[in-house]
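Next come the chains, spelled out residue by residue.
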Amino acid sequence: MSEFEDAAATSDVKSGNMVFEPILEQGVFRFDCSVDDRNAALPSISFVNSKERDTPIMGNHTLPLYTPTFECVHGQQIVRIELPIGTTFYGTGEVSGQLERTGKRVFTWNTDAWGYGLGTTSLYQSHPWVLAVLPSGEALGVLADTTTRCEIDLRKESTIKFIALSSYPVITFGPFTSPTDVLISLSHAVGTVFMPPKWSLGYHQCRWSYDSDARVCEISRTFREKGIPCDVIWMDIDYMDGFRCFTFDQERFPDPKSLVEDLHLNGFKAIWMLDPGIKQEEGYFVYDSGSEKDIWIQTANGKPFVGEVWPGPCVFPDFTQSKARSWWASLVKDFISNGVDGIWNDMNEPAVFKVVTKTMPESNVHRGDIELGGCQNHSYYHNVYGMLMARSTYEGMKSANENKRPFVLTRAGFIGSQRYAATWTGDNLSTWEHLHMSISMVLQLGLSGQPLSGPDIGGFAGNATPKLFGRWMAIGAMFPFCRGHTEISTIDHEPWSFGEECEEVCRLALKRRYHLLPHIYTLFYMAHTMGTPVTTPTMFADPKDPRLRMHENSFMLGPLLVYTSTISDQGTDQQQHVLPKGIWLSFDFGDSHPDLPALYLQGGSIIPMGPAIQHVGEANPTDDLALLVALDEHGKAKGVHFEDDGDGYEFTRGGYLLTTYVAELESSVVTVRISKTEGSLKRPKRRLHVQVLLGGFAMVDSWGTDGEILQVMMPSEDEVSSLVFESEKQYNIRMESAKRIPEVEKISGHKGSELSRSPIELKSAVWALKVVPWIGGRIISMEHLPSGTQWLHSRVDVNGYEEFSGTEYRSAGCSEQYAVIEKNLVQAGERESLMLEGDIGGGLFIERLISFPEDNSNIFRIDSSIVARTVGAGSGGFSRLVCLRVHPMFTLLHPTESYVLFTSVDGSKHEVRPESGEKVLEGDHRPNGEWMLVDRCLGLGLVNRFNLSKVYKCFIHWGHGTLNLELWSENRPVSKQSPLRISHEYEVRGIS
């Protein structure tokens with residue numbers, strides 16, 4: 001293959017063009033820094049067959065249009081690909097924030113990222129993959145095939161940059177005609193999604209936790225009594241005996257087999273959680289058998305690594321070893337005998353408590369199989385640990401019953417995980433921001449090879465309001481994976497928990513989903529067999545249209561366009577819908593509501609639909625089949641319908657029926673017929689209901705027998721106009737008469753925090769802050785815009801930037817409701833600022849001014865005081881003993897590469913790292929008015945400057961992926977004349 005190689009490339013070259021060879025199929029190329037690097041590369045874990053990545057294909061091949069360049073610096077391989085101006089970027093896997101990724105930078109390092117935000121750079125899964133859509137509408141996919149921590153930098157327009165440990169190959173797919181073609185080609189490398197059992201595409205109900213079998217039965221019974229469709233109930237970690245995997249609590253879940261039998265009788269499946277952390281306890285059969293087989297991950301000194309998770313001290317299976325995977329699979333096989341229908345793998349980043357990195361040491365040792373890369377430290381296998389656990393679980397389920405398809409849900413994953421498991425978008429928040437973000441997150445996963453995903457509907461952390469929950473269910477019912485879930489200590493988050501108006505919206509939304517299940521199931525069959533996506537951004541309908549490239553309020557479900565609103569006070573009916581070019585015909589099921597998405601079918605399409613059912617098991621092959629038809633400008637349409645037993649593997653042996661229907665308009669008659677069939681499954685005897693859309697919610701229909709030619713008489717132009725007018729009139733009546741979900745900000749009598757109010761946003765050219773006055777006046781988000789770095793991100797009710805009025809942790813001031821005294825917006829040349837005050841009792845108030853100084857746009861300043869307003873005369877005008885304690889909790893994007901840097905008052909220089917633990921700095925040991933949080937990976941430092949004369953103590957505390965840099969005033973009473981004050985400011989500085 002010498003004609004494809006740069007003659008100057010040798011193993012000691014530090015920069016230049018990468019050498020390439022064609023692999024896999026036409027248009028796919030592998031690039032390496034040199035021939036020596038190619039020969040020395042470790043096996044691919046992302047590819048289904050690593051040999052296909054490592055074996056060039058012969059024959060005549062086109063040359064790549066875009067050749068990456070590389071630079072090797074300090075053990076890091078930097079790869080750049082420059083593309084035409086106007087290129088837009090997507091993919092990058094499980095990421096928060098905007099759909100179009102230009103300007104963003106993320107790091108592939110699987111992280112337990114509870115309550116992540118728009119700027120969080122590492123979530124639970126790693127996909128070192130970028131989908132680039134060129135100005136022409138053609139598309140190119142780029143995969144950095146490395147399992148190690150990888151920086152994906154898209155901050156420079158039309159340029160892709162990867163940075164990871166040397167050396168790794170880069171695989172390009174295309175350019176091909178469309179983004180869909182790129183995703184199909186990607187699936188030929190990393191595999192397609194497993195074929196899900198049909199019941200798994202229904203609605204799933206979950207919470208942490210349904211605490212007993214009685215509560216589970218109550219939930220399932222209520223679904224059926226209220227006529228709300230649902231197929232699955234989930235059991236979170238509390239079903240276990242002391243959080244020990246593969247056990248059941250004998251008081252709360254004494255007979256799981258009987259529980260599951262009852263659920264099955266009512267049409268429900270049961271899914272149970274399994275974590276990787278195995279309690280270190282002699283006599284516990286899982287620990288004993290794993291120890292006997294020597295399958296635990298080891299420390300650098302060869303002993304089993306022990307880290308704390310839910311059960312306490314735990315050991316962790318080394319899923320990189322085949323013997324460990326077989327051991328886990330055998331445990332799963334036995335576990336299935338309890339009636340388990342599906343398994344939920346959580347905490348498998350792997351998450352570890354009470355350590356700053358949130359995971360195990362990178363120096364831990366995996367004694368991996370040769371075909372995976374052999375014996376390596378944890379930094380090499382960290383990102384694939386969750387995928388290998390999901391693989392082991394999948395294989396165990398499959399071996400338990402070859403007539404059932406496994407269903408596994410995994411939190412952590414890697415590109416290729418879709419071969420074994422579905423996923424969800426992790427521990428999101430009950431906020432409108434997270435509702436909006438969930439659309440882009442599901443789409444990005446689909447654009448990265450994982451089509452079976454969805455968010456926790458309603459939000460995991462905090463309490464949803466009725467309107468937020470109803471809107472989220474309305475949108476979530478259209479996602480590939482549809483599950484409601486919430487955390488412990490929140491209010492009930494079932495569809496009936498928010499009043500009858502919200503309950504009705506949830507019922508309508510889920511009935512829509514079940515009507516569309518034949519279409520959704522067909523999409524998954526095509527995804528499984530061909531690698532086509534299930535949900536896509538709207539721009540897939542016309543990749544050349546720049547208007548659609550950043551559209552985040554709509555998405556495609558095959559040829560079905562779903563248009564929604566994620567704005568609290570704006571229903572779908574109040575939006576302007578930007579549609580792709582061509583014919584798009586609106587329809588509903590007689591169920592239109594301001595909180596439900598608008599639906600359009602693309603001209604030239606036919607989709608299958610089924611009856612309204614309560615669960616998948618209620619469906620019968622002889623049920624009526626409906627075809628929804630939207631003719632194109634030529635009067636034609638086409639679509640497919642896949643059907644089989646809904647479970648098992650007979651479809652792989654021909655036991656299925658794939659029908660291609662076509663429709664054609666001739667002389668005012670639409671003829672619908674079958675043009676092609678595949679499979680040996682006999683066509684059921686059933687009625688066929690064809691509905692031809694006319695636009696404006698109008699349609700004409702006809703009934704016949706499936707398998708026979710059916711004709712629909714089309715009305716005249718005047719009749720069409722009349723039908724459309726009447727249908728739109730009925731639509732407007734439905735909208736106006738719909739029982740709207742009430743605007744409720746607070747639900748009285750419930751426990752938990754209220755997260756769905758809108759924070760106050762303060763913004764300059766450099767900083768974007770979010771403040772919640774109603775709980776502690778805290779700052780919950782601190783984003784540096786030029787670098788795209790989120791230095792601080794927290795939940796609403798705790799952490800973030802807080803201030804206390806005493807030396808005790810979380811003393812008065814951190815949770816009171818603050819009043820907004822003054823808010824200045826950017827107008828008439830003024831800069832934004834916010835003045836807050838909170839009553840902390842005893843006549844004392846905390847005052848806080850947050851501002852952007854006019855003389856330096858790079859910083860923001862916080863001036864805080866504890867002031868005495870109405871201290872009684874009997875106290876001599878002085879208050880109780882108080883201390884102004886500034887308590888910011890910063891998010892560590894790269895915990896092992898972060899440290900605190902400062903020079904003390906006495907002139908000594910200090911570099912404080914996480915392993916140093918807590919540090920109290922007083923007197924001459926205090927920083928001399930400035931200290932800095934350094935992130936070496938980012939090449940940035942967050943500088944905090946303060947008035948040294950007012951700060952008596954500084955405190956450093958390393959937490960679980962977090963850092964507190966606290967400033968304390970003196971501890972004394974205050975009067976009207978002698979308040980306590982601390983003024984300080986933040987600025988980001990580049991470091992070498």
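None of these values were measured; they are calculated from a predicted model. (Residues numbered from 1 in each chain as written. Predicted model: local features only at pLDDT ≥ 70, side-chain atom pairs only at ≥ 80, totals over all residues. Heavy atoms only, no water.)

**Student:** What am I meant to see in the UniProt feature "domain: Glycoside hydrolase family 31 TIM barrel" (unreviewed entry) in the chain here?
**Tutor:** Under the UniProt annotation, "domain: Glycoside hydrolase family 31 TIM barrel" (unreviewed entry) lies at residues 194–523. Taken end to end, residues 194–523 comprises 35% helix and 14% strand; its first and last C-alpha atoms sit 13 Å apart. (UniProt positions renumbered as here; feature names shortened; annotations may be inferred. Helix = DSSP H or I, 4+ residues; strand = E, 2+ residues; numbered from the N terminus.)

**Student:** It is not clear to me how the domain arrangement of the chain should be interpreted in this structure. Could you clarify?
**Tutor:** Interface size is often expressed as the accessible area that is lost when the parts come together. Each assigned domain of the chain is listed here: domain 1 (14–189), domain 2 (273–423) and domain 3 (760–990). Residue-level contacts link eight residues of domain 2 with nine residues of domain 3. Each partner contributes to the roughly 560 Å² buried at the junction of domain 2 and domain 3, and carbon and sulfur atoms together form 69% of this total. Per-residue buried area on domain 2 facing domain 3 is highest for Val-356, Thr-357 and Lys-358; these three make up 73% of the total on that side. (Domains from an automatic or database assignment. Contact = heavy atoms within 4.5 Å. Buried area = accessible area lost by both parts, 1.4 Å probe.)

**Student:** Would you mind going over the sheet that holds strand β33 (residues 598–602) with me for this structure?
**Tutor:** Working definition: the strands of a sheet are paired by backbone hydrogen bonds and lie parallel or antiparallel to each other. Spatial ordering of the open sheet is given by β29-β30-β31-β33-β32, a layout of five strands whose pairing is antiparallel. The open sheet has two edge strands, β29 (535–537) and β32 (584–587), and neither has a second partner. Neighbour-to-neighbour, the strand axes of the sheet open up by a mean angle of 30°, direction not taken into account. Sheet topology places β29 next to strand β30 (residues 554–557); three bridges connect them, and they run antiparallel. (Pairing = 2+ DSSP bridges. Axes fitted to C-alpha atoms, helices over the stretch in contact; angles between N-to-C directions.)

**Student:** Teacher, can you tell me more about the sheet that holds strand β1 (residues 15–17) here?
**Tutor:** Taken in spatial order, the six strands make up an open sheet running β1-β4-β5-β12-β11-β7, and their pairing is antiparallel. At either end of the open sheet lies a strand with only one pairing partner, and these are β1 and β7 (105–108). With direction set aside, neighbouring strand axes in the sheet form an average angle of 15°. Relative to strand β12 (residues 159–165), strand β11 (residues 150–153) is paired through three bridges, and the arrangement is antiparallel. By the bridge assignment, Asp-153 is partnered in β12 with Lys-161.

**Student:** What exactly am I supposed to notice about the UniProt feature "domain: DUF5110" (unreviewed entry) in the chain here?
**Tutor:** UniProt's entry tags residues 625–693 with the feature "domain: DUF5110" (unreviewed entry), counted in the numbering of this structure. The annotated region residues 625–693 carries 0% helix and 59% strand content, and the separation between its end C-alpha atoms amounts to 17 Å.

**Student:** Quick question: what am I supposed to make of the pattern of salt bridges here?
**Tutor:** Taken as a whole and judged by the stated rule, the model has 57 salt bridges. Measuring nitrogen to oxygen at the nearest pair gives 2.8 Å for the salt bridge that ties Glu-911 to Arg-913. Overall, the relative accessible area of 24% leaves Arg-913 in the partly exposed class. Across the pair Arg-989 and Glu-930 runs a salt bridge, and its minimum N-O distance is 3.5 Å. (Salt bridge = Lys/Arg side-chain N within 4 Å of Asp/Glu carboxyl O. Buried < 20%, exposed > 50% of the residue type's maximum accessible area, 1.4 Å probe, protein only.)

**Student:** Please explain the nonpolar core as it appears in this structure.
**Tutor:** One broad trend across soluble globular proteins is that nonpolar side chains are buried collectively. The biggest cluster of nonpolar side chains holds 169 residues, and the ones touching the most others in it are Phe-173, Tyr-239, Trp-272 and Phe-407. Element by element, the count of residues in this core is highest for helix α13 (residues 517–530), at eight residues. Both domains that furnish three or more residues to this core are identified here as domain 1 (14–189) and domain 2 (273–423). Ignoring sequence-local partners within four residues, the contact set of Trp-272 consists of Met-235, Tyr-239, Phe-248, Phe-253, Pro-256, Leu-259, Val-260, Phe-335, Val-340, Gly-342, Ile-343 and Trp-344. Formed by 53 residues, the second largest nonpolar core is a distinct cluster that contains Val-356, Phe-852, Val-882 and Val-974. (Core = buried A, V, L, I, M, F, W, Y, C linked by side-chain atoms within 4.5 Å.)

**Student:** I tried to follow unusual backbone geometry on my own but got confused; where do I start?
**Tutor:** Of all residues except glycine, most have a negative phi; of all peptide bonds, most are trans. Cis geometry is adopted by the peptide bond preceding Pro-175, which originates at Gly-174 and carries an omega value of 10°. A cis geometry characterises the amide bond from Trp-208 onward to Ser-209, with omega recorded as -5°. Mapping Ser-209 onto the fold places it in the loop between β14 (203–205) and α4 (213–226). Despite not being glycine, His-74 has its phi angle at roughly 50°, a positive value. Relative to the helices and strands, His-74 is located in the loop between β4 (69–73) and β5 (76–82). Residue His-74 is classed as exposed on the basis of its relative accessible area of 80%. Look at Thr-92: it is not a glycine, yet its phi comes out positive at around 60°. Position of Thr-92 among the secondary structure elements: in the loop between β6 (88–91) and β7.

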